[in-house]
Amino acid sequence: MLTWNVQYFLGIPEMDAEHCRIIEMIHRLDQAADRANSLASAWKIVNELTDYIGTHFTHEESLMERSGYPDLDRHREAHRQFEAEVREISSHASVDSAEIRQLLQHWLEVHIMKIDRAYVSHVQAWQDSHDADGGGA
């Protein structure tokens, strides 16, 4: 069972909260697999996840853009690739929640743990200087 773990913590509250919500949706997907109406439940959760991941990526990219993160284009491309993978899996007539869960787990391990970590110090420095100027984040 996948749960929020301190290793996923980036130290940027809004991103941590959104990552936590994604993990909570993965947990719901795991629980749905055990229900009698597992396919209908899985479809609902997958659609919610797909929408929320898009929203999360928009928020994350906006934060990086406002901070002037120099590697934004490559990060954006990683987001588009992941969204395409999720769309591909979720477009099948029968949702394979195990396949989606595996994709999301890989995303957590690779994207959050490695790719997202690359922007943290830049965004935090920008937020600190922005806060010092009285501008808020």
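Scroll up a little and you will see the structure.
Predicted model, so just to flag it, every value in this text is computed and none were measured.

(A) Representation of the packing of helix H1 (residues 13-32) against helix H2 (residues 38-67) in the model. With their axes 10 Å apart at the nearest point, H1 and H2 run at an angle of 170 degrees to one another. The orientation of H1 with respect to H2, classified from their angle, is roughly antiparallel. Crossing of H1 over H2 shows left-handed handedness. Partitioning the contact of H1 with H2 into residue classes produces 12 nonpolar, five polar and six charged.

(B) The arrangement of a nonpolar patch on the surface in detail. A cluster of nonpolar residues, Trp4, Val6 and Phe9, forms a patch on the protein surface that exposes about 310 Å² of accessible area. With respect to the helices and strands, the residue tryptophan 4 is situated in the segment before H1.

(C) Representation of the layout of surface pockets within the structure. Considered as a void within the structure, the largest pocket measures approximately 160 Å³ in volume. If you go around the largest pocket, the residues you meet are Ala78, Gln81, Phe82, Glu85, His106, Trp107, Val110, His111 and Ile115. Contributing elements (two or more residues each) for the lining of the largest pocket: helix H3 (72-90) and helix H4 (97-132). The biggest single contributor to the lining of the largest pocket is H4, with five residues. Partitioned by chemical class, the residues of the lining of the largest pocket number five nonpolar, three polar and one charged.

(D) Molecular detail of the packing of aromatic side chains. Following the criterion strictly, the structure yields four aromatic pairs and no others. Measuring from ring centre to ring centre gives 6.2 Å for tyrosine 69 and tyrosine 119, while their planes differ by 70 degrees; the resulting arrangement is edge-to-face. In this pair, tyrosine 69 is assigned in the loop between H2 and H3 and tyrosine 119 in helix H4, connecting sequence segments 50 residues apart. When its relative accessible area of 0% is taken as the criterion, tyrosine 119 is described as buried. For the ring pair phenylalanine 82 and tryptophan 107, a centre distance of 5.3 Å and an interplane angle of 25 degrees mean the geometry is stacked. Separated by 25 residues along the polypeptide, phenylalanine 82 in helix H3 and tryptophan 107 in helix H4 bring together distant segments of the chain. Every member of this aromatic cluster is reached through a ring pair, and the members are Phe57, Phe82 and Trp107. Here the basic side chain of arginine 21 rests over the ring of tyrosine 52, its NZ or CZ set 4.3 Å away from the ring centre.

Calculation notes
Sequence positions are assigned chain by chain, starting from 1 and proceeding in written order. Whole-chain, interface and lining totals are the exception, using all residues; otherwise, since this is a predicted model, local features are given only for residues with pLDDT of at least 70 and side-chain atom pairs are given and counted only at 80 or more. To obtain the side-chain values, all non-hydrogen atoms of the structure were included, while hydrogens and water were left out. Axis definition: a line fit to C-alpha positions, over the contact stretch in the case of helices; interaxial angles, taken between N-to-C directions, run 0 to 180 degrees. Starting at the N terminus, helices and strands are each numbered in turn, a helix being any DSSP run of H or I of at least four residues and a strand any DSSP run of E of at least two. Just so you know how the angles are binned, under 35 degrees is roughly parallel, over 145 roughly antiparallel, 65 to 115 roughly perpendicular, and the rest oblique. Should the near helix be turned anticlockwise from the far one by less than a right angle, the crossing is left-handed, and should it be turned clockwise, the crossing is right-handed. Classification convention: Asp, Glu, Lys, Arg as charged; Ala, Val, Leu, Ile, Met, Phe, Trp, Tyr, Cys, Pro as nonpolar; all other residues, Gly among them, as polar. Residues enter patches when their relative accessible area tops 30% and they take part in no salt bridge; the joining distance is 9 Å for like charges and 5 Å for the nonpolar side chains Val, Leu, Ile, Met, Phe, Trp and Tyr. Only the protein chains shown count as cover for residues, and the accessible areas themselves come from Shrake-Rupley with a 1.4 Å probe. Salt bridges are defined as contacts in which a side-chain nitrogen from Lys or Arg sits within 4 Å of a carboxyl oxygen from Asp or Glu. Cavities and pockets are found on a 1 Å grid laid over the protein atoms alone: a cavity is a set of points where a 1.4 Å probe fits but cannot escape, a pocket is an open set with protein on both sides within 12 Å along at least five of seven lines, and a lining residue has an atom within 4 Å of such a point. Grid points are joined across faces, edges and corners, and a volume is the space filled by probe spheres set on the points. Only rings of Phe, Tyr and Trp enter the pairing, Trp through its six-membered ring, and a pair is recorded when the two centres are within 6.5 Å. The plane angle decides the type: under 30 degrees is stacked, over 60 is edge-to-face, the rest tilted. Only protein chains enter the accessibility calculation, which uses a 1.4 Å probe; a residue is then buried when its area is under 20% of its type maximum, exposed when over 50%, and partly exposed in between. We count a charge as sitting over a ring when the NZ of a lysine or the CZ of an arginine lies within 6 Å of the ring centre and within 35 degrees of the ring normal.

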